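# Summary of the model geometry
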Amino acid sequence: MTDIRYRVLSDNDHTRLVRKEPGLDKGYENWCPTCDKTGSYFWQSPDCATGQQYDCNCEMQVALFKWYSASGIGVTYQRLDWGDYEGSQEVLRQVGKYIDNAREFLRQGIGLHLQGDIGVGKTMLVNLVLKDLVKKGYSCFATTFAQMIEMYTAGWTDKDEKRWFQHKFLNSQFLLLDDVGKERDTKIALSETTFDAVLRQRVTDGRPTMITTNMTADALGDGYGKAILSLIYEQSLEENITGEDFRPKANDRRIDEVLKGWIRPIT
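First, a word on what this report is: a plain description of the structure on this page. These figures come from a predicted structure and were not determined experimentally.

## Some details on the environment of T143
Mapped onto the secondary structure, T143 falls in strand β4 (residues 140–144). For T143, a relative accessible area of 4% translates into the label buried. Sequence separation between T143 and W43 is 100 residues, and the spatial gap between their C-alpha atoms is 29 Å. Excluding its chain neighbours within four sequence positions, the residues that come into contact with T143 are M148, M151, F169, L176, L177 and D178. Here the side chain of T143 touches Q147 through a polar contact of 3.2 Å, side chain to side chain.

Next comes the structure, spelled out in structure tokens:
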């Protein structure tokens, strides 16, 4: 497994990332997403409640930022780790098995299907899974279902966008479709077409797809068709996540960190 610091992005991915974050073109010697080239940052270690100063490994921070961003993982999740999840330990064990056996799940085309109420940690969990897979060297891409529809339709009139869509959505070894069902209020017919086109092709090609949704199994079947629902369950490790909405607590924690001048490193 090649050290993530020495992996090279495709020209297309690099160009797209630099449009969003020009600092990437400066190299880690002149730009860092964590310490802002001060050389250090303040953060709370597990054994230090008051926080402390750490030397910044700018090279690693830039490399992780680059590869996570190219994989569609947002900066918020880039700075979270497994210690931030406060939900079911059994669910953690199950997704841990998925990561540990990623090679076999990839060979069999088995994805993840996380269902549960709003705020119980589905998106956090699956992004943490994806981060570990990126570090292992797998090609991954994370997106919301609504964003997938927009990118899919962009390819109708732009050949470059069509090639990029195929590269990311159809050819990535692991694909995350987050928040399936949220888009259906305004794009019902198009969502069904896109879902069918992407999921069916990935199942045919034996590529795992990870799905998070608030919809029940019956609602998924009614919304996207029993055939698609069958594909999801046939090719997925399913977990039903329960618990309370911990987003308000997470928000309080983040505000407290900002006021203290702390910044989480990218992990």
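Now that the structure has been shown, the text picks up again.
## Observations concerning the side chain of T123
Turning to its location among the elements, T123 is positioned in helix α6 (residues 122–136). Here T123 is in contact with Y77, D178 and T212, once residues within four sequence places are set aside.

## Description of the sheet that holds strand β6 (residues 209–213)
Taken in spatial order, the five strands line up as β4-β5-β6-β3-β7 in an open sheet, and their pairing is parallel. A strand with exactly one partner marks an edge of an open sheet, and here the two such strands are β4 and β7 (236–241). The mean inter-strand angle of the sheet, taken between neighbouring strand axes irrespective of direction, is 10°. Where strand β3 (residues 111–116) and β6 come together, four bridges link them in parallel fashion.

## A closer look at unusual backbone geometry
Although it is not a glycine, K37 adopts a positive phi angle of roughly 60°. When you line up the elements, K37 lands in the loop between α1 (11–20) and β1 (40–43). Among the residues examined, K37 registers a relative accessible area of 34% and is labelled partly exposed.

## Description of the pattern of salt bridges
Enumeration over the complete set of coordinates arrives at 14 salt bridges. The salt bridge involving D132 is made with K135; its shortest N-O contact spans 3.8 Å. Placement of both D132 and K135 in helix α6 is noted, with a separation of three residues, approximately one turn of the helix. A cluster of three or more residues bridged by salt bridges with shared partners is formed by D84, R253, R254, E257 and R264.

Calculation notes
- Per chain, residues are indexed from 1 in the order of the written sequence.
- Residues qualify for local features only when their pLDDT is at least 70, as the model is predicted, and side-chain atom pairs are given and counted only at 80 or more; totals for whole chains, interfaces and linings, by contrast, use all residues.
- Hydrogens are left out, water is left out, and the side-chain values use all remaining heavy atoms of the structure.
- Each helix is a run of DSSP H or I of at least 4 residues and each strand a run of E of at least 2, with the numbering of both proceeding from the N terminus.
- Only protein chains enter the accessibility calculation, which uses a 1.4 Å probe; a residue whose area is less than 20% of its type maximum is buried, one above 50% is exposed, and one in between is partly exposed.
- Contacts are residue-level and defined by heavy atoms, with any inter-residue pair within 4.5 Å sufficient.
- By the criterion applied in these results, polar contacts are pairs of N or O atoms within 3.5 Å in which, for protein atoms, one can donate a hydrogen and the other can accept it, and in which residues neighboring in sequence qualify only through two side-chain atoms.
- Paired strands are those between which DSSP finds at least two bridges.
- Angles shown run from 0 to 180 degrees and are taken between the N-to-C directions of axes, each axis being a line fitted to C-alpha atoms and, for helices, limited to the stretch in contact.
- Any Lys or Arg side-chain nitrogen located within 4 Å of an Asp or Glu carboxyl oxygen qualifies as a salt bridge.

Don't take any of this as a statement about function, it's just geometry.
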